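Each chain is listed here by its residues.
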Amino acid sequence: MKFLQNIVEKLEPQFEKGGKFEKLWPLFDGFATFAFVPKHPTSKGAHIRDGVDLKRTMITVVIAMIPCLIFGIWNTGHQHFLAQGMYAGLGDGVLEKFFFGAWRVLPLVVVSYAVGLGVEFVFCIIKRHSIQEGFLVSGMLIPLCMPVDVPLWMVAVATIFAVVIGKEVFGGTGMNILNPALTARAFLFFAYPTKMSGNSVWIADSENLRANVDGFSGATALGDLASTVGIDKTSETATAVMSSFGNDGFYSMYNSFMGFIPGSIGETSALACLIGALILIGSGIGSWKIMFSAVVGGLTMAGIFNLAGANAFMDLNALHQLLIGGFMFGVVFMATDPVSAAHTETGKWIYGFFVGFFGIMIRVFNPAYPEGMMMSILFMNVMAPLIDHYVLQANIKKRQKRMVIQTA
Amino acid sequence: MGSNIKINKGVDVKLQGRLESDEINQLSSSTYALLPSNFHGVTPKMEVKAGDEVLAGTPLFHDKFQEQVKFCAPVSGEVVEVVRGEKRKILEVKILADKELRFKDFGASDPSNMDGEAVKNHLLASGAWPFVMQRPYDVIANPSHDPKAIFISTFSSAPLAPDLDFQIKAELEHFKVALTAMAKLTKGKVHVSVRGGSDSSYLSGISGIEVHEVYGSHPAGNVGTQIHKIDPINKGEFVWTVDVPGLLTIGRLFKTGHFDTSRLVATTGAAMSKRSYFKAYAGIELSKALEGRFDAKSGARLIGGNVLTGATTSHDSFLGFYDYQLTAIPEVEDREFFGWIAPGLNKFSMSNTFFGWMTPNKEYNLNTSLNGEERAFVMSGQYEKVFPMDIYPVQLLKAILVEDIELMENLGIYEVAPEDFALCEVVCTSKINSQAIVRSGLDLMIQEMS
């Protein structure tokens, strides 16, 4: 590695101030620090520092998402073949499923990273700051929260929107108010609703399959459930939907937990999300307080619905509610984004609880938005500074009260 | 007796380079120097000029804004040079020491028979006053204030810190006299904190003090942590603090009438070849003091104090007025290949992104690498793990950065000193220099309040 280091050190002067390629410094710095931890010494304050930096942190989050990515790749193939009645067994055609899935999913990942990092580079060169690592995570989150049939150009447009409007206009990583990946998803959801919802996007080649396969539905668990809202829960449609959530149904608790159901690429498997959660909590990067309280919030709302029981959707077992749709994925990877979440420890409990609470509420009350989690997290992102404000006010009041007692 | 205090937050950074022995070498050098930069916020006005003869205890300069605060010669001899830098700023006052030290006689006295004013004047006249620090602002105490309490921490929990009990017990009489003197300076209490579980029986029988046992990891030994837990500072209040070497100097002043700054200095750190104590007066030449202990050519970093709060010094400089520990650690030399993914078993980290959590008792040989680049605040909840005060550290730092005085007050700026943020700085993912930010915030408050 000495050899590479020598190259870096030889090139460095050309990119430094006064060098030939001075303007491209962020680009050079980005690559050089990617390959090597720079040898910046401490100059002020503490002389020793923790080994962790933002690169390491972000890479750890990406590692935590890999189970979701791998499962998503397999499941893309699985759902595609399953719809055609091929390789119906879980162990059948594993390689075919992986190849097909990779063929559909990896381009999304590549486009997201290439476009997002491209925009970041441009901003860094214009604003003359070094490359910030935040997009390493967003770049993976964006494809994982998309339906597989989304066109590549839409991913590119959404990524540009998310990086520019969601992040860079506020000043870059650490300054944004909304989670950039969800900003990308929300942008597509409202700009191109037909490609982000409905029954034609969740399984690869849905349009073709619908034309050629009898009885192809292409719906997701949430889509099916939404169809029961507003009709009598004893009606034929409602009971048919609910039976698919039974123990032997397609959306059974087991299938929902393992993720053998259609949905956005990375969101279907609660198990993969839980592995990610373990990595995030174990490494101390993701807040267990947010995850835990979000689950409690989700269960609370779903429990209240169970008691109300006005329609079939409300009757769905509370735990089952959390296993379908993007709930787990949102809780583990989106809600815990440290920048857009509440920053105070007390605030995290409140923030997490309402992420889960509103997530379930929106999906049940408003069938037009089957994915309540996206709305709920974005809404709580906006509310997080307010929560923090009141937590800080409590601390300030305590301090002022102490002063009054002392001087009285 | 006082209370038991448990500090649940914090961390002991375990470093290689602990003291190897209790051996003490008595050292002296031909030149000594007093460095005004050791005294934050003081603008020195010279009272002597080059060529003047001084005794140990003769004032060299005073603070322009508090004339009664004198800074005195640690040794007797001839003032050979007043080194000035840009804009004639005074950098060093050098004294060529006598072979046989002569002390200015301030008269031995018993503080228990003196009133507060007399004790104060005694300390001011003799040059011992600068050991008395005040909070808020973490500067030398303003003698016109009436402190609500005085806080003494008898132990340091910082990495590689020497055992102060060892020094106290060697000079117990001086320590006790100094505590008696402290009790005269305040109408409130003198709070003395000892390490939880240690033997504090030597403190019994001293009137006017309250003893607290403090348990936990660093920053349990920081006086700021203790103040916060025992009797936090409110707006408009002042508390004073004195460290152990300062108290011993004060004790000697009352016992012998001499301003005697001799102290035990521990040489620690992985790059220090001999790790034991030397005894010397403040301002000794480091090249002399570190002979056989530190190789100036090694390129290692020499720190006056501990690795968290000490200032970088150099082999050709002098021992700082407040320094009783010198630490040497290797400078960062190489870039590290793919550091963001390497297992990093040699890296200390509070986060478990490195595999250090598998070896909790490992002692690290850390160098001066920042281990990354400075970024905006991204992570949250990180500082809170090592910051035991009921204060929101990141929010306070942000208030300082935007210079919002009212918010700084509300969030507790009066209770903190830069050293309280040292661990936050260490664990920060974004590599933010929080100690410097807190210092600038305190300086801003001094300006605004005066």
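Rules and cut-offs
Residues numbered from 1 in each chain as written. Chains lettered and ligands numbered in written order. Predicted model: local features only at pLDDT ≥ 70, side-chain atom pairs only at ≥ 80, totals over all residues. Heavy atoms only, no water. Helix = DSSP H or I, 4+ residues; strand = E, 2+ residues; numbered from the N terminus. Rg over C-alpha atoms; globule rule 2.2 N^0.38 Å. Buried < 20%, exposed > 50% of the residue type's maximum accessible area, 1.4 Å probe, protein only. Contact = heavy atoms within 4.5 Å. Domains from an automatic or database assignment. Buried area = accessible area lost by both parts, 1.4 Å probe. Salt bridge = Lys/Arg side-chain N within 4 Å of Asp/Glu carboxyl O. Nonpolar A, V, L, I, M, F, W, Y, C, P; charged D, E, K, R; others polar. Polar contact = N/O pair within 3.5 Å; in protein donor to acceptor, adjacent residues only side chain to side chain. Pairing = 2+ DSSP bridges. Axes fitted to C-alpha atoms, helices over the stretch in contact; angles between N-to-C directions. Core = buried A, V, L, I, M, F, W, Y, C linked by side-chain atoms within 4.5 Å. Phe/Tyr/Trp six-rings, centres within 6.5 Å; stacked < 30°, edge-to-face > 60°. Left-handed = near helix turned anticlockwise from the far one by under 90°. 1 Å grid on protein atoms, 1.4 Å probe; cavity = no way out; pocket = protein on both sides within 12 Å on 5 of 7 lines; lining within 4 Å. Points joined across faces, edges and corners; volume = space filled by probe spheres on them.

Enquirer: Can you walk me through the overall build of chain B in this structure?
Expert: Per the secondary structure count, chain B includes 10 helices and 21 strands. Taking 2.2 N^0.38 as the reference for a compact globule, 450 residues should give roughly 22 Å; the C-alpha atoms of chain B span a radius of gyration of 22 Å, in line with that estimate. Along the longest, intermediate and shortest principal axes, the C-alpha atoms of chain B span 65 × 50 × 50 Å. The burial tally for chain B puts 61% of its 450 residues in the buried class. Counting contacts in chain B only where the partners sit at least 6 residues apart, residues at least 24 apart contribute 69% of the total.

Enquirer: How should the domain arrangement of chain A be read in this particular structure?
Expert: All names here are of chain A. Domain assignment breaks chain A into domain 1 (20-37 + 54-211 + 252-273) and domain 2 (286-407). When the buried area of domain 1 at its contact with domain 2 is split by residue, L182, M253 and E267 rank highest and sum to 25% of it. At the junction of domain 1 with domain 2, the criterion picks out zero salt bridges. When residues of the side of domain 1 that touches domain 2 are traced back to their parent elements, those giving at least two are α3 (54-83), α5 (134-144), α7 (180-191), α12 (253-258) and α13 (270-282). With eight residues, α7 is the largest single contributor of residues to the side of domain 1 that touches domain 2. Looking at the side of domain 1 that touches domain 2 residue by residue, the class counts come to 20 nonpolar, eight polar and two charged.

Enquirer: For this particular structure, what's the right way to read the interface of chain B and chain A?
Expert: Think of interface size as the accessible area that goes away when the parts come together; that is how it is often given. Taken together, the 79 residues of chain B in the interface contact 65 residues of chain A. Together, R335, W340 and R375 of chain B form the three largest contributors to the area buried by chain B at its contact with chain A, with a combined 16%. Counting the contacts that link chain B with chain A gives six salt bridges. In this structure, K398 of chain A and D390 of chain B form a salt bridge, with 2.7 Å as the shortest nitrogen-oxygen distance. Summed over the shared surface of chain B and chain A, the result is 29 residue pairs in polar contact (both at pLDDT 80 or more). Counting residues per element, the ones that place at least two in the side of chain B that touches chain A are β18 (301-304), β19 (311-313), β21 (336-337), α7 (393-401), α8 (405-410), α9 (422-427) and α10 (434-449) of chain B. Counting residues per element, the side of chain B that touches chain A draws most heavily on α9 of chain B, at four residues.

Enquirer: How do you make sense of the sheet that holds strand β13 (residues 189-195) of chain B when you look at a structure like this?
Expert: Adjacent strands of a sheet form backbone hydrogen bonds with each other and so pair up, either parallel or antiparallel. All names here are of chain B. Read across the open sheet, the seven strands follow the order β1-β14-β13-β12-β15-β10-β11; overall the sheet is mixed. The two strands at the open ends of the sheet, each matched to only one other strand, are β1 (4-7) and β11 (139-140). Taken together, the three bridges between strand β10 (residues 133-135) and strand β15 (residues 239-241) define a ladder with antiparallel strand orientation. The residue bridging R135 from the neighbouring strand is V239, located in β15. Strand contacts of helix α3 (residues 172-185): β12 (149-153), β13, β14 (209-216) and β15, with the helix running at about 155° to β12, the strand carrying the most contacts.

Enquirer: Please explain the nonpolar core as it appears in this structure.
Expert: One recurring pattern in soluble globular proteins is that nonpolar side chains are buried together. M65, F329, F333 and Y351 of chain A together with Y383 of chain B are the most contacted members of the largest nonpolar core, which has 163 residues in total. Excluding its chain neighbours within four sequence positions, the residues that come into contact with Y351 of chain A are I290, A335, S340, A341, A342, I377, M380, N381, A384 and I387 of chain A. Residues V69, L203, F259 and A280 of chain B belong to the second largest nonpolar core, which totals 75 residues.

Enquirer: Explain the packing of aromatic side chains to me, please; I cannot follow it from the model alone.
Expert: Centre-to-centre distance and the angle between the planes together describe a pair of aromatic rings. Tallied over the entire structure, the rule returns 38 aromatic pairs over all chains. Look at F305 of chain A and F365 of chain A: their rings are 5.2 Å apart centre to centre, the planes differ by 75°, and that puts the pair in the edge-to-face class. Separated by 60 residues along the polypeptide, F305 of chain A in helix α14 (residues 288-308) and F365 of chain A in helix α18 (residues 345-365) bring together distant segments of the chain. Classification of F305 of chain A by relative accessible area gives buried; the value is 3%. Geometrically, the ring pair formed by F131 of chain B and F321 of chain B is stacked, given 4.6 Å between the ring centres and 25° between the ring planes. With F131 of chain B in the loop between α1 (116-126) and β10 and F321 of chain B in the loop between β19 and β20 (325-329), this residue pair connects regions lying 190 residues apart in the sequence.

Enquirer: Where do I start with the domain arrangement of chain B in this structure?
Expert: Residues and elements named next belong to chain B. By the assigned domains, chain B splits into domain 1 (4-12 + 107-256), domain 2 (31-97) and domain 3 (370-449). One C-alpha centre belongs to domain 1, the other to domain 2; they are set 26 Å apart. Contact with domain 1, which involves 11 residues of that partner, is made by 10 residues of domain 2. Inspection of the region where domain 1 meets domain 2 yields zero salt bridges. The interface formed by domain 1 and domain 2 holds zero residue pairs in polar contact (both at pLDDT 80 or more) in total. The set of elements that each furnish at least two residues to the side of domain 1 that touches domain 2 consists of α1 and β11. Here the element with the most residues in the side of domain 1 that touches domain 2 is α1; it accounts for three residues. In terms of residue class, the side of domain 1 that touches domain 2 is made up of eight nonpolar, three polar and no charged.

Enquirer: What exactly am I supposed to notice about the packing of α5 of chain A against α7 of chain A here?
Expert: Residues and elements named next belong to chain A. Close contact between α5 and α7 brings their axes to 8 Å; oriented N to C, the two are set at 35°. Remark: the crossing between α5 and α7 carries right-handed chirality. Residues S138, L141 and I142 of α5 form the contact with α7, whose participating residues are P180, A181 and A184. Class assignment for the residues of the contact of α5 with α7 results in five nonpolar, one polar and no charged.

Enquirer: Would you mind going over empty space enclosed by the protein with me for this structure?
Expert: The method is simple in principle: a probe with the dimensions of a water molecule rolls over the atoms, and the space it marks as empty is what remains. Residues and elements named next belong to chain A. Here the structure, examined in full by the defined rule, presents six cavities of 30 Å³ or more. One number sums up the size of the largest cavity: a volume of about 310 Å³. Lining of the largest cavity is provided by 25 residues; of these, M58, G134, V137, D337 and P338 occupy positions nearest its centre. Where the lining of the largest cavity is concerned, the elements lending two or more residues are α3, α5, α7 and α17 (327-334). Taken together, the residues of the lining of the largest cavity break down into 14 nonpolar, nine polar and two charged. Three or more residues apiece are contributed to the lining of the largest cavity by two domains, here domain 1 (20-37 + 54-211 + 252-273) and domain 2 (286-407).

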